[in-house]
Amino acid sequence: MSIHPVMQRLAEKLNRTDLPPFVPGDTVRVQVKIKEGDKERLQAFEGIVIARKNGPQGSFTVRKMSFGQGVERIFPFNSKVIDKVEKVRSSRVRRAKLFYLRGLRGKAARLKEIERA
Amino acid sequence: MAVTGIIGKKIGMTQVFDEKGEVHPITVLQAGPCVITQLKTAAKDGYDAAQIGLVEFVKASKITKPMQGHFAKSSVPPVKLVKEVPVELASAKKTEDGQENGNGLKAGDKVLVDIFSDEKYVDVVGTSKGRGFAGVVRRHRFGGGPKSHGHMFQVQGSIGASSFPSRVFPGQRMPGHMGVDRITVRNLRIRGIDLDENLIMVEGAVPGPRDGYVVISKAKAPPRERRGFAGSGTVDPLKASKKASAKKK
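Residues numbered from 1 in each chain as written. Chains lettered and ligands numbered in written order. Predicted model: local features only at pLDDT ≥ 70, side-chain atom pairs only at ≥ 80, totals over all residues. Heavy atoms only, no water.

A.B. asks: Please clarify how the sheet that holds strand β6 (residues 110–111) of chain B should be interpreted in this entry.
C.D. replies: Working definition: the strands of a sheet are paired by backbone hydrogen bonds and lie parallel or antiparallel to each other. Residue and element names in this part refer to chain B. One open sheet accounts for 4 strands, arranged β5-β4-β3-β6; its pairing is antiparallel. The open sheet has two edge strands with one neighbour each: β5 (81–86) and β6. Bridge count between strand β3 (residues 34–40) and strand β4 (residues 49–54): 6 bridges; the pairing is antiparallel. Its bridge partner being in β4, Cys34 is matched across the sheet by Leu54. (Pairing = 2+ DSSP bridges. Helix = DSSP H or I, 4+ residues; strand = E, 2+ residues; numbered from the N terminus.)

A.B. asks: Please explain the interface of chain B and chain A as it appears in this structure.
C.D. replies: Size of an interface: often given as the accessible area lost when the parts come together. Tallying the contact residues gives 18 residues for chain B and 13 residues for chain A. Per-residue buried area on chain B facing chain A is highest for Ile11, Phe17 and Glu197 of chain B; these three make up 38% of the total on that side. The interface formed by chain B and chain A holds 2 salt bridges in total. The interface formed by chain B and chain A holds 4 residue pairs in polar contact (both at pLDDT 80 or more) in total. (Contact = heavy atoms within 4.5 Å. Buried area = accessible area lost by both parts, 1.4 Å probe. Salt bridge = Lys/Arg side-chain N within 4 Å of Asp/Glu carboxyl O. Polar contact = N/O pair within 3.5 Å; in protein donor to acceptor, adjacent residues only side chain to side chain.)

A.B. asks: Is there a simple way to explain the nonpolar core in this structure?
C.D. replies: Within soluble globular proteins, side chains that are nonpolar generally end up buried alongside one another. Core analysis: the largest hydrophobic core is formed by 29 residues, its most contacted members being Val3, Ile52, Phe116, Val122, Ile200 and Ile216 of chain B. Counting residues in hydrophobic clusters, the runner-up holds 13 residues, among them Phe45, Val49, Val62 and Phe77 of chain A. (Core = buried A, V, L, I, M, F, W, Y, C linked by side-chain atoms within 4.5 Å. Buried < 20%, exposed > 50% of the residue type's maximum accessible area, 1.4 Å probe, protein only.)

A.B. asks: Looking at this model, I keep getting lost on the sheet that holds strand β2 (residues 39–53) of chain A. Mind explaining?
C.D. replies: All names here are of chain A. Across the sheet, 6 strands lie side by side as β4-β3-β2-β1-β5-β6; this open sheet has antiparallel pairing. Both edges of this open sheet fall to β4 (69–76) and β6 (112–114), since each of them pairs with a single strand only. With direction set aside, neighbouring strand axes in the sheet form an average angle of 45°. Relative to β2, strand β1 (residues 27–36) runs antiparallel, the two sharing 10 bridges. Of the residues in β2, the one forming a bridge with Val32 is Gln43. (Axes fitted to C-alpha atoms, helices over the stretch in contact; angles between N-to-C directions.)

A.B. asks: Can you help me understand the confidence of the model for chain B in this one?
C.D. replies: Low pLDDT means the predicted atomic positions in that stretch should not be read closely. In the predicted model, chain B carries a mean pLDDT of 80, and 83% of its residues have values of at least 70. Two summary scores accompany this predicted model of the complex, namely pTM at 0.73 and ipTM at 0.71. (pLDDT = per-residue confidence, 0-100.)

A.B. asks: Looking at this structure, I do not really get the pairing of β4 of chain A. What am I missing?
C.D. replies: A regular strand places its side chains so that they alternate between the two faces of the sheet. Alignment of strand β3 (residues 59–66) of chain A against β4 of chain A, held across 8 bridges, turns out to be antiparallel. Across the sheet, Thr61 of chain A pairs through a bridge with Ile74 of chain A, a residue of β4 of chain A.

A.B. asks: What am I meant to see in the environment of Pro222 of chain B here?
C.D. replies: Residue and element names in this part refer to chain B. Here Pro222 shows up in the loop between β12 (213–218) and α4 (237–248). Spatially, the C-alpha atom of Pro222 lies 24 Å from that of Tyr47, the residues being 175 residues apart in sequence. Ignoring any residue separated from it by four or fewer positions in sequence, one finds Pro222 in contact with Tyr121 and Asn187.

Printed below as a string of structure tokens:
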């Protein structure tokens, strides 16, 4: 089923465009807005992008190791929670979804770093 | 504009984030553009209403002779679909130039999605998707039978007692045709209006398939007017009674 042209135009209008391009395998630092009472502050969530879902309701999954415990967080691209995303480094990966990293830890879970424009 | 409804088309569903960052499912409806094809007045027809038509390409050969004459009478181009919607009378609401019919409307006037600019909620009437001849489990949400031990799954079982009453009571729920019904969904919150593309985005689902025609109208009983709705400043019965008793003293 193709997308209705009206929906296509609407998606272009609604989607945010301020996020930098990144792909699975990249390490990113996501600045997350956190509300405490009536104050708002930023908290960084840094980890490897292990999946990316495209489309008008797209999202990406960031995985990091926190005190030896794997933590994954799924961010919708259009989420208001994301203040900004910084790309930290890129790695060479051979697949689009890096779910195999869940079964690996320590040295085995490393990815080879590459330079990407 | 005192017309209270518009003909639209269901385009599809998506989601939006609001200012708080909460996500809401929305249905995108293309509303209009419509024209008023006929005005009904209390004097002539016994009630006030506007007959509106959806402006969309329609083959000349698909217009019947009687409809051709009807459109010619109010000199509007042929329209795809004609529906009747109530109008708000001038006495209830002031209009900019209330001369004709007392509410400034005349046949040939455009009806656009901006009639909902000041509204928060709409009612949507559509035709539900057809399910064909459906069994009782799907049609009436029966539980169905056990799935193992040599049973049938989706049968309804007994439909009544034996020698008394020797008949099946009227209204007994049975398999039959399901869907393609006129369904009204009330109080869908408006999540956005696009005047350039004639779009209205409402929160939640709307009956019918994509590209199905719907009638969108101003909410008949918006939730704010109802009692006990959280937005209307809910009254804690305990506190309210305390306040009332304090006043008496």
